[in-house]
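# Structural overview
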There are 4 protein chains.
Amino acid sequence: MNKLKTTHEEEMVRLNRIAGQVRGIQKMIEDERYCIDILTQISSIQGAIKAVGENILERHLKGCVKHSFSVGDQEDREKKIGEIIEVFKKFK
Amino acid sequence: MNKLKTTHEEEMVRLNRIAGQVRGIQKMIEDERYCIDILTQISSIQGAIKAVGENILERHLKGCVKHSFSVGDQEDREKKIGEIIEVFKKFK
Amino acid sequence: MNKLKTTHEEEMVRLNRIAGQVRGIQKMIEDERYCIDILTQISSIQGAIKAVGENILERHLKGCVKHSFSVGDQEDREKKIGEIIEVFKKFK
Amino acid sequence: MNKLKTTHEEEMVRLNRIAGQVRGIQKMIEDERYCIDILTQISSIQGAIKAVGENILERHLKGCVKHSFSVGDQEDREKKIGEIIEVFKKFK
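What comes next is a walk through the structure. (Residues numbered from 1 in each chain as written. Chains lettered and ligands numbered in written order. Predicted model: local features only at pLDDT ≥ 70, side-chain atom pairs only at ≥ 80, totals over all residues. Heavy atoms only, no water.)

## Some details on the side chain of E54(A)
Positionally, E54(A) belongs in helix α2 (residues 35-71). Among buried Asp, Glu, Lys and Arg side chains, E54(A) stands out as unpaired, with K89(C) the closest opposite charge at 4.2 Å. Non-local contacts of E54(A), meaning those with residues more than four positions away in its chain, are made with I85(C), F88(C) and K89(C). (Helix = DSSP H or I, 4+ residues; strand = E, 2+ residues; numbered from the N terminus. Buried < 20%, exposed > 50% of the residue type's maximum accessible area, 1.4 Å probe, protein only. Lys, Arg positive; Asp, Glu negative; His and termini not counted. Salt bridge = Lys/Arg side-chain N within 4 Å of Asp/Glu carboxyl O. Contact = heavy atoms within 4.5 Å.)

If you want it as structure tokens, here you go:
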């Protein structure tokens, strides 16, 4: 549980940084910076957001999914698998 | 020019919304919301960030690239093309 | 088991179709077709390949991962989770 | 023109390799190889297909788009930009 708390805090720090990067993009647009530099910055946000998603997926697999596969019934496990596939489809 | 200003404002509004969504993710994590709901929310941010990127790329093509291809020299045009390919490679 | 066999056959059919689409791209290049039409065709292959990947991931979750989470030891389960995260990172 | 021919040949070679990789996936499925190994192979195909797409996009920018931006009318240029944005949206 302590471990999960730490993970939460890491995610909070990362998300603070991402929110800061989004503000940075706004500043770059205001300052009429070169589009390609803005796009490079945007692709960096994409990487950061994806990393948070991977972290949360890992937590999900280690927590809920493991639990469901150990003690859940067939229906619950099918649901968990369907949800992971959906996330997999939507993620960039 | 007026047109570009409007586009800038649209991007600012969208980026404000994205910053709000990032804060929303933090709230969801604090509230220990279901991971899959958080991941769905994250994929929505990915879509929104990508849309801003597409907007900026369009502006870039209509502005700098068109200008370079009309009046720039060979070297400058090669540079523009190389930059677009780089963005294309990095974008998710 | 019968069910899995059917899934295999579906994947074979899809992969046959993808191989055919790859040959189709070669034909389009030989015929000097418009680049954007070729790129549209390539993005269609990307979608088809991704769909096969999703299918295989689903099979993996329903088979190996479920098995590991039910009867495997801690180390094996950690390995399974690590592998899924890796796939998640690499997939486009 | 000679340069473009070479590029075409390179693309043909790459696409031959991709078609071979697709056949390799079919073999792996027949041999009931470990799903994660198949998925790793699939992500390698995704990378190879994307690289061909980048090549074709580069050729498109250096050829048709440059031509359109130099001598085309406003409508034609808008069309070219719209097409690139569409490709950008669809590509993975």
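## A short note on the interface of chain B and chain A
In this assembly, 38 residues from chain B lie in contact with 39 residues from chain A. For the pair chain B and chain A, the summed buried surface comes to about 3900 Å²; carbon and sulfur atoms form 74% of the total. In terms of surface lost to chain A, no three residues of chain B exceed I29(B), Q46(B) and K92(B), which account for 16% of the buried area on that side. Across the chain B-chain A interface, the total number found is zero salt bridges. Here chain B and chain A share 10 residue pairs in polar contact (both at pLDDT 80 or more) between them. Within the residue set of the side of chain B that touches chain A, elements represented by two or more residues are α1 (2-30), α2 (35-71) and α3 (74-90) of chain B. With 17 residues, the top contributor of residues to the side of chain B that touches chain A is α2(B). (Buried area = accessible area lost by both parts, 1.4 Å probe. Polar contact = N/O pair within 3.5 Å; in protein donor to acceptor, adjacent residues only side chain to side chain.)

## Some remarks on the interface of chain D and chain C
Each side of the interface is counted separately: chain D has 38 residues, and chain C has 39 residues. In this assembly, chain D packs against chain C so that about 3900 Å² is buried in total across both faces, 75% of it on carbon and sulfur atoms. It is I29(D), Q46(D) and K92(D) that lose the most area in chain D upon contact with chain C, and together they represent 16% of the buried surface on that side. Counting across the interface, chain D meets chain C through zero salt bridges. Scanning the region where chain D abuts chain C turns up 11 residue pairs in polar contact (both at pLDDT 80 or more). Elements with a minimum of two residues in the side of chain D that touches chain C: α1 (2-30), α2 (35-71) and α3 (74-90) of chain D. The element best represented in the side of chain D that touches chain C is α2(D), accounting for 17 residues. A per-class count over the side of chain D that touches chain C returns 21 nonpolar, eight polar and nine charged. (Nonpolar A, V, L, I, M, F, W, Y, C, P; charged D, E, K, R; others polar.)

## Focus on the packing of α2(A) against α2(B)
Relative orientation of the contacting elements α2(A) and α2(B) amounts to 170 degrees, with a least axis distance of 10 Å. Looking at the two axes, α2(A) sits roughly antiparallel to α2(B). Across the contact of α2(A) with α2(B), the residue classes break down as 20 nonpolar, six polar and two charged. (Axes fitted to C-alpha atoms, helices over the stretch in contact; angles between N-to-C directions. Parallel < 35°, antiparallel > 145°, perpendicular 65-115°, else oblique.)

## Examining the relation of the copies chain B and chain A
Aligned on chain A, chain B shows an RMSD of 0.0 Å; the corresponding rotation is 180 degrees and the shift along the axis is 0.0 Å. Here the symmetry operator amounts to a two-fold rotation axis. Looking at chain B, 100% of its interface residues are interface residues in chain A too, so the copies touch through the same face. (Least-squares fit on C-alpha atoms with pLDDT ≥ 70 in both.)

## Examining the pattern of salt bridges
Any two side chains of opposite charge can pair if their charged atoms end up close together. Counted under the stated rule, the structure contains 28 salt bridges over all chains. Linking D76(B) and K80(B) is a salt bridge whose minimum nitrogen-to-oxygen distance equals 3.4 Å. One end of the pair, D76(B), and the other, K80(B), are both in helix α3, four residues apart, so they sit about a helical turn from each other. Taking relative accessible area as the criterion, D76(B) reaches 24% and is therefore assigned partly exposed. Residue K80(B) is classed as buried on the basis of its relative accessible area, which comes to 8%. K89(D) is the salt-bridge partner of E86(D), the closest N and O atoms lying 3.9 Å from each other. Placement of the pair is E86(D) and K89(D) together in helix α3, with a separation of three residues, close to one helical turn. Here E86(D) falls in the partly exposed class, since its relative accessible area comes to 39%. Ionic contacts of the salt-bridge type, sharing partners, join the residues E58(A), K62(A) and E78(C) into one network.

Scope: geometric values only; no functional claims are made or implied.
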